[in-house]
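Structure assessment
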Amino acid sequence: MATSAAIEVVDLAVTPLRDLNQRLHDLAAGAGPRSWRVVNPSGAHNIACGLDADIEVVIEGHAGYYCAGMNKRATVRITGTAGQGVAENMMSGRVTVDGNASQAAGATAHGGLLHIRGDASSRCGISLKGASIVVEGSIGHMSAFMAQTGAIVVCGDAADALGDSMYETHIYVRGTVAGLGADCIVKELRDFHRAELAGLLEQAGITGVDVADFTRYGSARNLYTFKIDNTY
Amino acid sequence: MHPSSTWHPGLRESALFDRRTIAEIQRAAREGIYDIRGFGAKRHVPHFDDLLFLGASVSRYPLEGYRERCGTDVTLGSRFASRPLELKIPVTIAGMSFGALSGPAKEALGRGASEVGTSTTTGDGGMTPEERGHSDQLVYQVLPSRYGMNPDDLRRADAIEVVVGQGAKPGGGGMLLGHKISDRVAQMRDLPKGIDQRSACRHPDWTGPDDLEIKIQELREITDWQKPIYVKVGATRTYYDVQLAVKAGADVVVVDGMQGGTAATQDVFIEHVGIPTLPAIPLAVQALQELDMHRKVQLIVSGGIRSGADVAKAIALGADAVAIGVAALIALGDNAPEHDDAYREIGSAAGYYDDYQAGRDPAGISTQDPDLAARFDPVKGGRKLANYLRVLTLEAQTLARACGKSHLHNLEPEDLVALTVEAAAMARVPLAGTTWIPGQNGGY
């Protein structure tokens, strides 16, 4: 570990993951470096999970499963690709993936912003509970499955079974949708939604994209009451 | 006794199409939807009643009644956790959600369990402050739905239980019908009030044992390797599930037999999926023994535990502890005779009530109706639960002493015989009066 210009540098080639996470967790209690660089992540799992501090962590390279899982307050950036469940169950803060993200990105996340500059694989935003997800590329099948609240913005395309069994999440897709899941329908893009969409694109720093190009998807709410007519 | 005054010897009820079966066909034809209910399996399956203890005799030396020491303590989670749970008795309270149960009922579970030094478990829907406040040792469930999942609660918990399945519905998700989705339940689950809410049957961010291993590592990292991590499975392919749970890094494996309770599940699921608790225990123990992990990864067994005899028999077969759900609710006052008139008003009766899904529980336990919940006294309920847990423990100790054991964990399969061929085969103990264990060399 070394400190350079007030940035704490941790080399995962020589430092055990446990040591890194423990040091990051200790920041919840008090003082310590606010800016961190993690080098040589080499796809390690569970990097920077369980953070609860106003800090910035840049992971220079590829991260494995559950990177920044259950994040609170922290700003985490992965310069490479992210494995399964990046920012799963995030409560607040911001997680950015410069590359692509594997499946279940932002799963069950309650708050904060997950920004994926590349594509996200299947089940992006599964069971989403209030967070915002902005994907500059496309998303895989079964995304927003049983998504409850929050918003998902997709600048590219969505694969099959989008929003299956979803609740009240707002889904905005700019490109094509291969197919909608059970109870997911096209919905009107009203002023509220245009403002929400514009705000999320701005938060992600995305410019040159017209909100009018997006289509909103949401729940038909037919599955909200369990009855014989809406079993599949 | 036949209820019909017109009955005569010429009337013969069909064993195949008995009155209950006929009534169910008629209900299905009328309503067009399957039956959803609470409680657990009601059919007869081989169970602990089919086992007997061999008390001490010439070749075994008993311990003195209630006086000589017979230990009951158990440590859960000593494999990896830096802070394992230390329980005074090996009877824990199984996961039951706030949502399925009222707030006062959850409080009573915490009060009763804490009074006798054991743990409670959260359930689908998150952790409530009342529950945390009244449970000295609280296990926080990580379920497929992740309703109310919060890293702060994860760190506040004393142990974590990754729920893969439950005995009442292995492979099935859950349902909380709209009339139990109050403002508070809706807020905790991030859902609209009043809708019929599904709990997913699959975890959202892992899909197999290799993923589960990484998921468990994540939970350990988030909690700095302090908390014991349980993996709970419904009893089905128990041998393989237990081996995979151990491989994935579990500190404790919870095996819930098909008799395990539920708040709301299809009747066809409750009665027809999973294997009974009795055969599940030897399968789990065999899996642990083959990995040299028996007593190192602790085994908690649930599903139909009712008495100290059941506790002692489960432990003798190799469990480290048991968990109770339905029995705990009955101890609190569920199905109590004083509510019989109220039960009858909603089409049931004391001793039969299983409509936990409906939220109209006259005992104020399985409800979110504030007026009904107010009928339940959590202090009194907690005291009754503590009494019941004490009786379970005393009964188990009595049987253990009779077998000459100075600790419940010294009970062993050799102390047991079976009354039926089926129970002998499933529990892997000899049929009484013989040395015969059917299927001893059989498969899984």
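For every chain, the first residue of its written sequence is number 1, and the numbers climb from 1 along that sequence. Each chain takes a letter, starting from A, and each ligand takes a number, starting from 1, following the order in which they are written. Predicted model: local features are reported for residues with pLDDT of at least 70 only, side-chain atom pairs are reported and counted for 80 or more only, and whole-chain, interface and lining totals are derived from all residues. Side-chain measures were taken over the full set of non-hydrogen atoms in the model, leaving aside hydrogen atoms and water.

Along the chain, glutamate 107 of chain B falls in helix α2 (residues 103-115). Contacts are assigned to residue pairs with any non-hydrogen atoms lying within 4.5 Å of each other. If we skip the residues at most four places from it in the chain, glutamate 107 of chain B touches His134 and Pro378 of chain B. Each helix is a run of H or I in the DSSP string that is no shorter than four residues. Each strand is a run of E no shorter than two, and both are numbered from the N terminus.

All names here are of chain B. All axes here are fitted lines through C-alpha atoms, helices being fitted over the stretch that makes contact, and every angle between N-to-C directions spans 0 to 180 degrees. Between helix α7 (residues 238-247) and helix α9 (residues 277-290), the least distance of the axes is 8 Å, while the angle of their chain directions is 40°. In this view, α7 runs oblique relative to α9, as classed from their interaxial angle. Of the two possible hands of crossing, α7 and α9 adopt the one that is right-handed. Of α9, the residues touching α7 (which contributes Thr238, Tyr239, Val242, Gln243 and Val246) are Ala280, Leu283, Ala284, Gln286, Ala287, Leu288 and Glu290. An angle below 35 degrees is read as roughly parallel, one above 145 as roughly antiparallel, one from 65 to 115 as roughly perpendicular, and any other as oblique. With the far helix as reference, a near helix turned anticlockwise by less than a right angle produces a left-handed crossing, and one turned clockwise produces a right-handed crossing.

Across the boundary between the two partners, chain B contributes 38 residues, which contact 39 residues of chain A. Around 3100 Å² of area is buried between chain B and chain A when both sides are counted, 58% of it from carbon and sulfur atoms. The definition of a polar contact used here is a pair of N or O atoms within 3.5 Å, where within protein one atom must be able to donate a hydrogen and the other to accept one, and adjacent residues in sequence count solely through side-chain atom pairs. One can count 20 residue pairs in polar contact (both at pLDDT 80 or more) joining chain B with chain A. For the side of chain B that touches chain A, the secondary-structure elements that each account for two or more residues are α4 (151-156), β10 (197-199) and α6 (209-222) of chain B. Tallying contributions element by element places α6 of chain B first for the side of chain B that touches chain A, with eight residues. Classifying every residue of the side of chain B that touches chain A by side-chain character gives 18 nonpolar, six polar and 14 charged. A 1.4 Å probe defines the accessible area here, and the buried area is the portion of it lost by two parts on being joined, summed over both. As a working rule, the residues Ala, Val, Leu, Ile, Met, Phe, Trp, Tyr, Cys and Pro are called nonpolar, Asp, Glu, Lys and Arg charged, and the rest polar, with Gly in that last group.

The subject of this paragraph is the nonpolar core. Definition used in this section: a nonpolar core is a set of buried Ala, Val, Leu, Ile, Met, Phe, Trp, Tyr and Cys residues joined via side-chain atoms within 4.5 Å. Only protein chains enter the calculation, and the probe is 1.4 Å; a residue is then buried if its accessible area is under 20% of its type maximum, exposed if over 50%, and partly exposed in between. Core analysis: the biggest nonpolar cluster contains 95 residues, and Leu51 and Ile324 of chain B have the highest contact counts within it. Ranked by the residues each element gives to this core, the list is headed by α9 of chain B, at eight residues. In this structure isoleucine 324 of chain B touches Val91, Thr92, Ile93, Ala94, Met96, Ile305, Tyr388, Leu389 and Leu392 of chain B, once residues within four positions along its chain are discounted. Val10, Ile55, Val57 and Ala68 of chain A belong to the second largest nonpolar core, which has 50 residues in total.

All names here are of chain A. Each domain span listed reflects an automatic or database assignment of domains. The domain boundaries assigned to chain A delineate domain 1 (1-103) and domain 2 (119-232). The straight-line distance from the C-alpha centre of domain 1 to that of domain 2 is 27 Å. Counting residues at the interface gives six residues for domain 1, matched by seven residues for domain 2. Think of a salt bridge as a Lys or Arg side-chain nitrogen and an Asp or Glu carboxyl oxygen that are within 4 Å of each other. One can count zero salt bridges joining domain 1 with domain 2.

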